[in-house]
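Single-letter residue listing:
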Amino acid sequence: MNAMTQLPPEWHNWIQENLARGCAPQSLIDDMVRNHFDPVFARAAVNGVMSGPFTTPAQTQTKPVSHTAGYVYEKPRLHAGNLIRTFDRDVRIVTRVNRPMIAVLDGVLSDEECDEMIRRSADKMRRSTTVDPITGKHEVIADRSSEGTFFALNADPFITRLDRRISEVMNWPVDHGEGLQILHYGVGGEYKPHFDYFPPEDPGSQVQMTIGGQRVSTMVMYLNEVEEGGTTIFPEIGLEVVPKKGSAVYFEYTNSHNQLDKLTLHGGSPVTRGEKWIVTKWMRQRRYGEAVA
Ligand SMILES: O=C(O)CCC(=O)C(=O)O
Ligand SMILES: [Fe+2]
């Protein structure tokens, strides 16, 4: 039998989900090889997902990245004005940075929605097992530390409502969005500075971008108050956003010429007291799930 050298979308999700749960990368590569993937390809695919922001904080590494010089700032996708009216909620813009394009938004989620999101995620992490997408067999991986989970687009009416509101706030089509990704940090938990876009020189980036193209924008929503630490940091410009339940930080980094804005380097600083729950939305250039040749 020929080894597989194309990454089907279900395997892309499978790698993403299991890395987010803290599975050892080598165990995922071994599983893929057992399922007839070419070993070199399997390693590139897992590395590619790892170099994206799907990894748990402990696995994240910064690496030198080269970028297009002279990023051209176009008209922001985010609405002008101080208030964004979505179909079911008004969201207030409290701070804007123009270069890079960053905004802090108030009231993206209600307190009840934040609580519900945490409840559902904690439940999901408890129940999580690894599912082999070919055999459908569920397996519990012993070395997993449940750090994150995600909700497929339009998973149920609650998620659908949030996906719709978030797409209106980000002013980008709902079907260009990846599923909502939840991350939980305890004391000491951090997310080292990284880019949310796929650096073109990383071998795994090509694999990532076969589905929906490059990422264009991010919104990180805070689900709880963090006692101390846990700010979202933008080291290139010295900005720190303090988590506030229901608020969010939004930023854009890919323009219509496919240039990438390296000033959007960002991370989550260590939580020094309490805990931190966030939900992140990443938007793609095209419909997510739409493969390109
Ligand atoms: O934890 C944070 O504040 C940043 C999270 C982040 O960078 C991401 O989810 O891509
Ligand atoms: Fe990020």
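Before reading on, note that the structure itself is shown above.
What this report covers is the structure whose coordinates are included nearby. No experiment lies behind these values; they were computed from the predicted model shown. (Residues numbered from 1 in each chain as written. Chains lettered and ligands numbered in written order. Predicted model: local features only at pLDDT ≥ 70, side-chain atom pairs only at ≥ 80, totals over all residues. Heavy atoms only, no water.)

1. Examining the packing of aromatic side chains
Taken as a whole and assessed by the stated rule, the structure comprises 5 aromatic pairs. Taken together, a centroid distance of 4.9 Å and an interplanar angle of 20° make the contact between Phe-195 and Tyr-197 stacked. Relative to Tyr-253, the ring of Tyr-197 has its centre 5.8 Å away and its plane inclined at 55°; by these criteria the two rings are tilted. Linking Tyr-197 in the loop between β8 (191–194) and α6 (203–209) with Tyr-253 in the loop between β13 (248–252) and β14 (266–268), this pair joins segments that are 56 residues apart in sequence. Neither residue differs from the other here; Tyr-197 and Tyr-253 are each classed as buried. Taken together, the ring pairs connect Phe-195, Tyr-197, Phe-234, Phe-251 and Tyr-253 into an aromatic cluster. (Phe/Tyr/Trp six-rings, centres within 6.5 Å; stacked < 30°, edge-to-face > 60°. Helix = DSSP H or I, 4+ residues; strand = E, 2+ residues; numbered from the N terminus. Buried < 20%, exposed > 50% of the residue type's maximum accessible area, 1.4 Å probe, protein only.)

2. Comments concerning the side chain of Asp-196
Inspection of the secondary structure puts Asp-196 in the loop between β8 and α6. Separated by 3.0 Å, the side chains of Asp-196 and Trp-282 make a polar contact. (Polar contact = N/O pair within 3.5 Å; in protein donor to acceptor, adjacent residues only side chain to side chain.)

3. With respect to the site of ligand 1
As a structural note, the neighbourhood of ligand 1 is formed by 12 residues, with Tyr-185, Thr-232, His-266, Lys-276 and Thr-280 the closest of them. Here His-194 contributes a side-chain N or O atom positioned 3.1 Å from an oxygen atom of ligand 1. Contacts to ligand 1 include Asp-196, whose side-chain N or O atom sits 3.2 Å from an oxygen atom. Its free accessible area being 290 Å², ligand 1 has 100% of it covered by the protein chains. Of all the cavities here, the one that holds ligand 1 is the largest cavity. Looking at the shell around ligand 1, the elements that each hand over two or more residues are β8, β14 and β16 (276–284). Of all the elements, β16 adds the most residues to the shell around ligand 1, at 4 residues. Considering only residue class, the shell around ligand 1 consists of 5 nonpolar, 5 polar and 2 charged. (Near = heavy atom within 4 Å. Areas by Shrake-Rupley, 256 points an atom, 1.4 Å probe, with all protein chains shown as cover. 1 Å grid on protein atoms, 1.4 Å probe; cavity = no way out; pocket = protein on both sides within 12 Å on 5 of 7 lines; lining within 4 Å. Sits in = over half its atoms within 2 Å of the grid points. Nonpolar A, V, L, I, M, F, W, Y, C, P; charged D, E, K, R; others polar.)

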